[in-house]
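# Summary of the model geometry
Here is what each chain is made of, one letter per residue.
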Amino acid sequence: MLRPEFFQSIVEPAATRPKLFVIVDTEEEFDWSAPFARENVSVTAIPETVRLQRTVDPYGLKPTYVVDYPVAATTSSAQVLAAFAHDDRCRIGAHLHPWVTPPFDEPLTPRMSFGINLGSKIEHAKIAQLTEAIVSNMGVRPRVYKAGRYGFGESTATILESLGYDVDASVIPHMDFSHEDGPDFSGFNPQPATFGEGRRLLELPCTVGFTGAARKMGESLHRAASASWLQPMRAVGILARTGALNRVMLSPEGNTLDEMKALTRSLHQDGLRSFALTFHSPSLKPGCTRYVRTQAELDAFLGTIDRFCGFFFGELGGEPTTADDLFDNLVANGRGSGHPLPNSPIPSLQS
């Protein structure tokens with residue numbers, strides 16, 4: 001479990017223009033409701049990233065494809081993304097799915113799908129092999145890491161330092177996976193932060209927050225409404241439909257354009273200046289995820305990304321960036337100021 005003092009906030013000046021970066025969990029296709037299986041290594045959705053690139057290129061956005069082992073180890077998928085990277089149209093990072101990443105020294109169980117439960121030796125070995133596959137097959141050294149299933153912990157941080165990574169993008173604020181033996185990010189928020197013992201690394205959490213009239217009660221009210229005895233009453237849905245409280249992620253997966261805009265406006269008002277647009281690569285091919293089942297839904301999915309970018313760079317006056325550029329600007333160049341927070345893992349924005 002992460003210690004409260006593990007992260008140090010980065011204060012971005014209020015006059016800073018908001019920045020948008022894209023993180024794509026670039027992975028094999030599998031049934032999210034089925035048991036984990038080592039043989040699920042199909043990567044047929046990767047060529048569909050061509051349409052994503054056509055959508056974001058006009059805005060100057062360069063997605064960071066955090067790729068897992070099946071993507072990096074399959075020549076066809078590795079070549080597609082490497083071509084974008086060498087044309088300076090994207091960045092390549094790493095994404096650990098332990099169940100399909102060698103060495104396979106752990107039991108295949110749901111608990112072991114979180115990297116932090118592997119033990120530091122196995123977790124290190126898997127991230128090292130993933131990194132080597134990316135370097136060998138894609139010709140780039142990844143600087144950005146995102147744990148599959150958000151399975152990031154202090155052991156992960158030590159490993160990332162030792163392997164030369166600069167950025168982690170694993171934290172997902174206001175989410176708790178402890179009932180699955182996973183991490184608990186309750187009390188976290190999307191503010192960038194630094195971490196690391198030997199050198200400073202940058203944490204860029206997923207952009208998750210609350211909208212609605214009761215948003216200042218945010219996490220506590222949402223947690224109360226999520227109680228098991230209230231689930232038959234669909235209390236969380238009632239709060240969202242009535243406009244009282246809605247937990248939103250800056251993602252076209254399961255969130256509407258209006259919800260994404262509302263979240264962005266609220267967090268921008270609260271002082272956030274770095275926004276992460278995130279989703280999974282299988283959603284770029286109809287039938288691979290529940291979010292995109294048909295060609296029409298894919299068109300709508302990409303249309304949501306397009307219209308959100310128009311909003312962000314138009315109405316909000318934002319500018320495009322990448323996760324590694326944010327590291328260079330906020331950490332390596334010393335333009336961000338880190339402040340330790342005694343009682344909160346990442347300092348609370350108003351919510």
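About the thresholds
- Residues numbered from 1 in each chain as written.
- Predicted model: local features only at pLDDT ≥ 70, side-chain atom pairs only at ≥ 80, totals over all residues.
- Heavy atoms only, no water.
- Helix = DSSP H or I, 4+ residues; strand = E, 2+ residues; numbered from the N terminus.
- Expected span 1.5 Å × (residues − 1).
- Buried < 20%, exposed > 50% of the residue type's maximum accessible area, 1.4 Å probe, protein only.
- Arc of directions from axis to C-beta.
- Contact = heavy atoms within 4.5 Å.
- Axes fitted to C-alpha atoms, helices over the stretch in contact; angles between N-to-C directions.
- Left-handed = near helix turned anticlockwise from the far one by under 90°.
- Nonpolar A, V, L, I, M, F, W, Y, C, P; charged D, E, K, R; others polar.
- pLDDT = per-residue confidence, 0-100.
- Salt bridge = Lys/Arg side-chain N within 4 Å of Asp/Glu carboxyl O.

All right, on to helix 4 (residues 120-138) then. Residues lying three or four places apart along an α-helix face the same way, a consequence of the helix completing one turn every 3.6 residues. Given a rise of 1.5 Å per residue, 19 residues ought to cover 27 Å, and the 26 Å separating the end C-alpha atoms of helix 4 matches this to within 8%. If you check which residues of helix 4 are buried, you get Ile122, Glu123, Lys126, Ile127, Leu130, Thr131, Ala133, Ile134 and Met138. Each buried residue of helix 4 sits inside an arc of 170° when the element is viewed along its axis, so together they form one side. Tucked into the core, helix 4 has its buried residues touching strand 3 (64-67), helix 2 (69-73), helix 3 (75-86), strand 4 (91-96), strand 5 (144-147) and helix 5 (154-162). Looking one or two residues past helix 4, Gly139 carries a phi angle of roughly 75°, positive in sign.

Turning next to unusual backbone geometry. In the segment running from Pro102 into Pro103, the intervening peptide bond is cis, with an omega of 0°. Its location among the elements puts Pro103 in the loop between strand 4 and helix 4. Although it is not a glycine, Arg149 adopts a positive phi angle of roughly 60°. Looking at the element boundaries, Arg149 is found in the loop between strand 5 and helix 5. Positive phi outside glycine occurs at Tyr150, with the angle close to 60°. In this fold, Tyr150 is placed in the loop between strand 5 and helix 5. Assessed through its relative accessible area of 14%, Tyr150 is described here as buried.

Now for the packing of helix 1 (residues 49-56) against helix 9 (residues 295-313). Interhelical geometry of helix 1 versus helix 9 gives an angle of 30° and a closest axis separation of 9 Å. As for how helix 1 packs across helix 9, the hand of that crossing is right-handed. Counted together, Arg51, Leu52, Thr55 and Val56 of helix 1 and Gln295, Leu298, Asp299, Leu302, Ile305 and Asp306 of helix 9 form the full contact between these two elements. When its residues are assigned to classes, the contact of helix 1 with helix 9 shows five nonpolar, two polar and three charged.

Let us now look at the confidence of the model for the protein chain. Of all residues in the protein chain, 87% attain a pLDDT of 70 or more, and the chain-wide mean is 90. Across residues 335-348 the pLDDT falls below 50, and counting only partners more than four positions away or on other chains, this stretch makes 38 contacts in the model.

This part is about the environment of Thr75. Inspection of the secondary structure puts Thr75 in helix 3. Through-space distance from the C-alpha of Thr75 to that of Met138 is 8.8 Å; in sequence the pair is 63 residues apart.

What the rule picks out here adds up to 18 salt bridges. Notably, a salt bridge pairs Asp25 with Lys146, separated by 3.0 Å at the nearest N-O pair. Taken together, the residues span a long stretch of sequence, with Asp25 in strand 2 (residues 19-26) and Lys146 in strand 5 at a distance of 121 residues. The buried category is assigned to Asp25, whose relative accessible area is 3%. For Lys146, a relative accessible area of 1% puts it in the buried group. Two residues, Asp88 and Lys62, come together in a salt bridge whose shortest N-O distance is 2.8 Å. Placement of Asp88 in the loop between helix 3 and strand 4 and of Lys62 in the loop between helix 1 and strand 3 is noted, with a sequence separation of 26 residues between them. Residue classification places Asp88 among the partly exposed positions, given a relative accessible area of 40%. The class of Lys62 is partly exposed, set by a relative accessible area of 24%. Look at the salt bridges and you will find they share partners, linking Lys62, Asp88, Arg91, Arg143, Asp166, Arg199, Asp324 and Asp328 into a network.

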